[in-house]
Each structure stands twice: as C-alpha cells, then as structure tokens.
Amino acid sequence: MTSRVSGVTAVLGPTNTGKTHLAIERMTAHSSGIIGFPLRLLAREVYDRVVAIKGAASVALVTGEEKIVPPQARWFLCTAESMPADHDAAFVALDEAQLGADRERGHVFTDRLLRMRGREETMILGSEALRPMVKALVPDAEIVGRPRFSTLSYAGAKKISRLPKRSAIVAFSAEEVYAVAEMLRRLRGGAAVVMGALSPRTRNAQVAMFQAGEVDYLVATDAIGMGLNMDVAHVAFASLNKFDGQRQRRLTVAEMAQIAGRAGRHQRDGTFGALVDEGPGAFLPEEVFAIEEHRFPRLENLYWRDGSPDTGSVDALIAGLERPPPPGVLRAPPASTDLLVLKRLADEPWVRDRTRHPSMVRRLWAACGIPDFRKLGLDPHTRFVERVFKHLTEGRGHIPHQWFADEIARLDTIAGDVETLAGRLAAIRSWAYIAQRPDWLADPAEWAGRTAAIEERLSDGLHASLTQRFVDKRTTALIRQIGADAGALPVVVGPEGEVTVEDHPIGRLDGFRFTVEPGARASYKRMLLAAAEKRLGAERGRRAAALADAPDTAFALAAGEVLWTGHRVATLAAGRSLARPRLVLDHELDSLDRAARDRIADRLARWFADTARRRVPALVALADAARDPAATSAFRVVAAAVESAGGIVPRLPLRLSLDALAPEERRRLRGFGLVVGALDLFDPRLLKPAAAEWRRALLAVRETPPDMAVAGATVLLRDAPGASVAAGFRPLGAQAVRVDLVERIARAAHDARAGRKPFMPDPALATSIGLEPGTLARLMTELGFRPANDAWVWRGRPPARRAVVVPASENAFAGLAGLFGHG
C-alpha cells in the first residue's frame, strides 16, 4: 500500500504503557483500519475487544490459519504476515515493530513498517530501542515516547515453593513448561499453561482459569511478552537461556524486559525475578539495573527482503528474494524456511517444467510460504510442500478432496496425552492454513469450517488434558481455606515414614521425598495433601540435621547414587577427575533451606573422600599424581591414563611412557598398589566386589560403564558380560581371563623358560584356573613366545624385571613371590 497524505506516528516505550490500547482507540475512531500483530493469539484477543465495540458484522480477523471477514467489515485485526497490502484503510498500525530485528520474521515487519500506510493515519508501535530505526527509515514520523504506567522492580530469586500468588513463570521449551507446571501442581495446587503453539481457544480457556482465580499461577513461554494482557503481579524466569533456532543463547536485556514487563497492570506496580540466585539462571546486576530503568541498547539494523519480488520466473524470484537491501540500516536476513524450500524445489526438473508461467511461479512461492507449524525440520517440510505443489499443478489445480479428508480425519481425535494433543493441534494448523487459500481447494469454505471444527475439538481436549495434568482444584481450594492455619492440622510422621492426618494415612516420607498414599485418592483425603506438605518442613529439617551428623556407615554408593539409610540424597556427576566426581544433591532436598543443604553437601563430600581413599586408594593417588607439577611428563601420562580408565588399562598404548619411567617413579607406582604386568596395568584390589562396584559407579559418570562379571569369576566365555579389559578380563581366544591371573601365568612362563631354548610351561596352573588349550596358546603368543613342536620358544625381548611392579600389601598376588622366586 502506498502512502497518500498519511501522517505517521511512532509510539515507543516499555511494556505496560497502553500502546495497544491507544492503537485500538485510534483505529475505532476512524472509518476503517488495520492493525498487524506478531501473534495469532494477540490478534484474536484484540479482535474480541474490537467486536465488543463495533459489532461482529464490522470487524475482521485475518491470520494464516483463520479468516473471519464479514462482507461489510471495516476494521481488520491481522498477524503481520496476513495484513492485506491492497486494502485501502483510513488507519494502519503495526504492533511490536522492533521485531524487524528478528532473524526469521524480521523482514516481514520491516516490509510493513516501510510500505503499509493508512489513508489518514499510520501508527508504529514498538520498544524504545526502535527509535533510531524509525528516524532513519521514516524520517517524517512523529515519535512519541510512552512511559510505563507503573513501577517494575526486581524482587530477587524465589524458589517455586515460595512464589507469590498471581505469578507467571516463564520457561523456554515445552518440556520446561510442563516440568514447572507439574511442580506447581504438587506444591500449589496447579497452574494455567500458555504457549505460542496453543490455539486461541485453548489459550483463552487456560488464561480464563488464571484470571478467574481458579489457579494462582501461570506457566508460559516467552509468547507472554508479546502484549498478551493478563493480571500478573510477578514474573519469574525459570531460565535466562533460549534456543533461537540456531543456538542456545542468553536472552538479551531487551528480551528480558519485554517479558518482565508483563508484571503489573496500568498503575499497579509489578516485580520480576528468577528461580535461582546464582549461576547462568540468575540476573546480573547490570541487567537488573537496565530493566528497572528501561535502558536498553538501541537497534542498529533491521532485516529486509524484497516484499514484491519479480515472479516472472523461478530464477528471477530467487534473485529478487536474495537481492541485497539498499545502503543504510537495512541488512539481508538469514535464509528463511520459505526461501530454503523454494531453492530446493527449484532444483527439481518437474518443478521447472510446471513454472514456466508467472502465475505458476506465484503459486509455487505461495506453497513455499506454508509455515512449518509442526517443527519437522527442513527436509520433511520440503517434502510436504512438494506434494502440495504437485497437486496444485495437476488437473484443475486443486488439492485432492480424498487426500485432504484423510489427513485431517487422522487428527480428529482427542485421545492421548498433552504432548500428543499438542502435536495434533500443530498439525491441523497446516491444513487450516491450506484451507484458507482461496484457490487451493475445490470448496475452501467447507474445508476451512471442518479444520476449524477439528481445531476447536482438539483445543477443548488439550485444555481438559492440561487442566487434568497440571491443576488440582481440591488442593487449591484447601490452601485458600486453611491459609495461615495449616499448622493447626494434626499431621503426624510415623517411625517408618508414614504420614497421617487425623489417623488417615495420606502418604510416606521416604528420606526427603513425600509420595502420596495410593489409598488416599478419595476427595476428602486429597484435600489434606497440600496441608501435609506444609507440615513436613519440621520433619525434613530434623532429618537434614541427622543426615549432616550421620556416621560413615549410614551412607552407601549404589549405581552412581549416594544413599543415606537407603534413601537417595545425591548423585555423582563429572568432576575434575574420575576419582573426584561432583556430588549433586537430590532435587528432593530443594525443600530445605540453603544452610541445611550446604551442611549436607559438606558431610557427603567428606564421606565420599574418606571412603574413596579406602575403597579405591590407587585411583585417588593416581588422580593426584597426574596433576603433580614435580613429576615427569611420562609419569603424569601413565597416572592420568590409568586413573581415567578406572585403574585397569592395557599396557600396549602406554609402552613408550612406561619405558621412560625412572626407578623411583616405578617405586612410587608400587606404593599406589599398581601392577604393571606383561599385558595390562591394574590394581588387583579393584577386582574385589566392593571396590569393583565403586569403580563402576565412577566410570558411569562419564560414559556407559562396562558390564561386570559374576562375583568371583576367573574365566569367562568371550561373549559373556564383563569379558573385556575395562571390566578386568582379558579376551584370549574363546575365553576371557581375569587380568591378575593372566599376569600370574605370564610370570610363571617367564620364570620357567631358559633363555631362548624350547621349554614346556607347566599346564597345571592353567588347568587349575580353567583355561582351554587354545586360550593358553593365545596367551603364550601374546606374551612373546612362538610354538616349536610341542614346546615354546621365546621370540622377543623379555620384559624388564623392573617393569613388573607388585604391591606390597596383601592382594590377589599373595604367595606369588614364594611360587616364582620374585624379589
């Protein structure tokens, strides 16, 4: 649309300044108007407001998936992509115009900012950061600053369990949204859920629960920051990082402010904060200052792409879309999904054959514009668009009735969980989008009605599923009913952890974890559960003190978990070395205060360090030796390699470093308890069951741990669990032999030979261990012998006597010195 005598006003400022309300007032004062919004949800919200003012017969809603356009419509509420460029209106407004800096959609907003004009008035709404762009691109525009009606202040970090009522918790993935909502259901009776992928019907139903006070909390994605109006007093950030389509990054200060600004309404103040007070999820002081003072970096560029490219040919279309912007503040956007799909289809000969006429080129470009609502990725989405375009260029140019009907019929069911329903809802949006194209179906109005009906059913099903999963209305009512008198309820924790209220069992407190009693599902008992949680604080505090003072015998390590009296209290995570992992407190301990958690963390760290020195002393010593600045590089290499492998490692990869060791370094290894054998390096103590379990737990922190052999096994079949050096068994032929016994046979063979003369090894030792003849032959070959008739001949340099290091302490080699004359 070209400008006539249009006055342009840019209304800029932070959130909660009434910019959208002003635009509605200005539009309804004119004889006609158009407003473009960033979200379908927001367009629908404003549509409902304008309908209340002007009547349904005069107001239109136009989005990619939904069109309500009465014959006499004069006021249009649209998404930015759907603003009718050829419609003559007295008033035009573009909301959230700073999205011209968005990598994916920015070029759309920039195009509307530059080209959409009202006959009498044009309004650009956006943040203060947009000011230099407006001055550069629309120099005649009058810029009006709008101050925030109320104060927005930082309230610090608050745990989910201590968030004030009327809080919105913002997360940046569906998984995180669901996890937070589930936590609020357990702690506060439930929460409403709002995500950009929800339909307006589902979103409105969820928000209605929040607005009506049925729940006191709202969990949302950053879609909440785009002008969705809700009565929120506090905004809490579950995270300050998001995936922007290309990488995981920290939010910009402007994005933080956009979301935090949802707190407070009109002249009522609002607060914001995080769920943690340190780490990447916490606000920095400079970020807090910038948000409170509304001081953000100004935009220096907006993305631009030709909004009316040449459609004379496919090549001309691509060239136009890739044409660089004019000099100045505009910049070319990254290749968007529609352009990438177009370029892939342009490589297909059949596409070239069917796009010889400009009308077909325009049809191809329209098909490439189908959004990837399901987030399938480029390849699957391209195949979908390819199939649609094939149908659009065959026969009468319509998508086949049967294919369309079959595809939407598959989605017309409300069976399944939240994730399944959300996936169907995203899928039906693609078909609704297709149904809104006026010439893609033989009867578009009929199919638009059917897809809308399916979307409504899915929306109702998703709302019911979300409510069932994340809202416990009985608990919510109880919390409000009891309020500050919850402490008066007779909640009792028995000696076995059973939790009762007035002698009614309602659950168990195992360690610090409270689980609901299966028999406590009746409505009168469910009303007591949240109150019981409140009363468990004192008992958890008592248990925290007992844990912090517990003796070492109260703790155990099993499958990478630290247990206290049989209850998990921490898990192992990768640390600075294998022998020194980090201990991560179990999330059930989050209910404790920080001082208690710190005491527990210190106690567990001391227990782990002391027990590791007893159970796997060689690994602890090797970890220190690998970082000893006074040691030689060869010694550090050997120490690091053996420690990283969990104390059992093949000798061959380390032969050069071993040869470089000095005598005193070999004595130091002896002191650690390490055996440097003919084929493997190992600490025989790690082959004992208790030490082996610790070793496996440490290895599991960084990688999949090796399978363990049956306790006490000496020889395994080659394909049996544990038949690997990493598990302490060396594969030899059809068997695998425990490494300490391999070394025992190796020493016996070298002690029995006389130089390079043929000799016969004593078969009794191998037989007693259970070695088959083929296994022994394989072992002799690996030890450097070759067969000579019925005897064996040494064919290599024997290992230096100093290369065999035997621990002084009692171990699996006890008695070997007497048997072989070792000194």
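Residues numbered from 1 in each chain as written. Predicted model: local features only at pLDDT ≥ 70, side-chain atom pairs only at ≥ 80, totals over all residues. Heavy atoms only, no water.

A. Here's a closer look at the sheet that holds strand E8 (residues 142-145). The strand order E4-E3-E5-E2-E6-E7-E1-E8 describes an open sheet built from eight strands, whose pairing is mixed. Every other strand in the sheet has two partners, leaving strand E4 (67-68) and E8 as the edge strands with one partner each. Alignment of strand E1 (residues 7-12) against E8, held across four bridges, turns out to be parallel. Bridge pairing in E8 places Ala10 opposite Ile143. Packed onto the sheet, helix H1 (residues 19-29) meets E1, strand E2 (33-37), strand E5 (75-79), strand E6 (91-94) and strand E7 (121-126) and runs at close to 170 degrees relative to E7. Running over the sheet, helix H2 (residues 40-54) touches E2, strand E3 (59-62), E4 and E5 and is turned about 170 degrees from E5. (Pairing = 2+ DSSP bridges. Helix = DSSP H or I, 4+ residues; strand = E, 2+ residues; numbered from the N terminus. Contact = heavy atoms within 4.5 Å. Axes fitted to C-alpha atoms, helices over the stretch in contact; angles between N-to-C directions.)

B. Quick look at the pattern of salt bridges. Within the structure shown, the criterion is met by 50 salt bridges. Salt-bridge contacts for Glu65 lead to Arg40; the nearest nitrogen and oxygen are separated by 3.5 Å. Placement of Glu65 in the loop between E3 and E4 and of Arg40 in helix H2 is noted, with a sequence separation of 25 residues between them. Taking the relative accessible area as the measure of exposure, Glu65 reaches 8% and is therefore buried. Among the residues examined, Arg40 registers a relative accessible area of 9% and is labelled buried. The closest approach of N and O atoms between Lys343 and Glu322, which form a salt bridge, is 2.7 Å. Separated by 21 residues along the polypeptide, Lys343 in helix H10 (residues 337-346) and Glu322 in the loop between helix H9 (314-321) and strand E18 (330-331) bring together distant segments of the chain. What makes Lys343 partly exposed here is its relative accessible area of 34%. Under the relative-accessibility criterion, Glu322 is labelled partly exposed at 41%. Connected through shared salt-bridge partners, Arg40, Arg44, Asp48, Glu65, Glu66, Arg429 and Glu455 make up one network. (Salt bridge = Lys/Arg side-chain N within 4 Å of Asp/Glu carboxyl O. Buried < 20%, exposed > 50% of the residue type's maximum accessible area, 1.4 Å probe, protein only.)

C. Representation of the confidence of the model for the protein chain within the structure. Residue-level pLDDT values for the protein chain average 84, and 89% of them are 70 or greater. Every residue in residues 1-5 scores below 50 in pLDDT, and together they form 16 contacts with partners more than four places removed in sequence or on other chains. Taken together, the stretch residues 481-487 has pLDDT below 50 and engages in eight contacts with residues farther than four places along the chain or on a different chain. (pLDDT = per-residue confidence, 0-100.)

D. How the structure looks around the pairing of strand E13 (residues 234-237). Because side chains alternate across E13, one face comprises the buried residues His234 and Ala236, and the other comprises Val235 and Phe237, equally buried. Pairing geometry for E13 and strand E16 (residues 270-274), over four bridges, is parallel. The residue bridging Ala236 from the neighbouring strand is Gly273, located in E16.

E. How the structure looks around helix H23 (residues 633-644). An ideal rise of 1.5 Å per residue puts 16 Å on twelve residues; H23 measures up with 16 Å between its terminal C-alpha atoms. Regarding H23, the residues found buried are Ala634, Phe635, Val638, Ala639, Val642 and Glu643. One side of H23 carries all its buried residues, which in axial view fall inside an arc of 155 degrees. Of the surrounding secondary structure, the elements contacted by the buried residues of H23 are strand E25 (567-577), helix H22 (617-625), strand E27 (648-650), helix H24 (655-659), helix H25 (663-672) and strand E29 (680-682). Looking one or two places after H23, you find Gly646, whose phi comes out positive at around 80 degrees. (Expected span 1.5 Å × (residues − 1). Arc of directions from axis to C-beta.)

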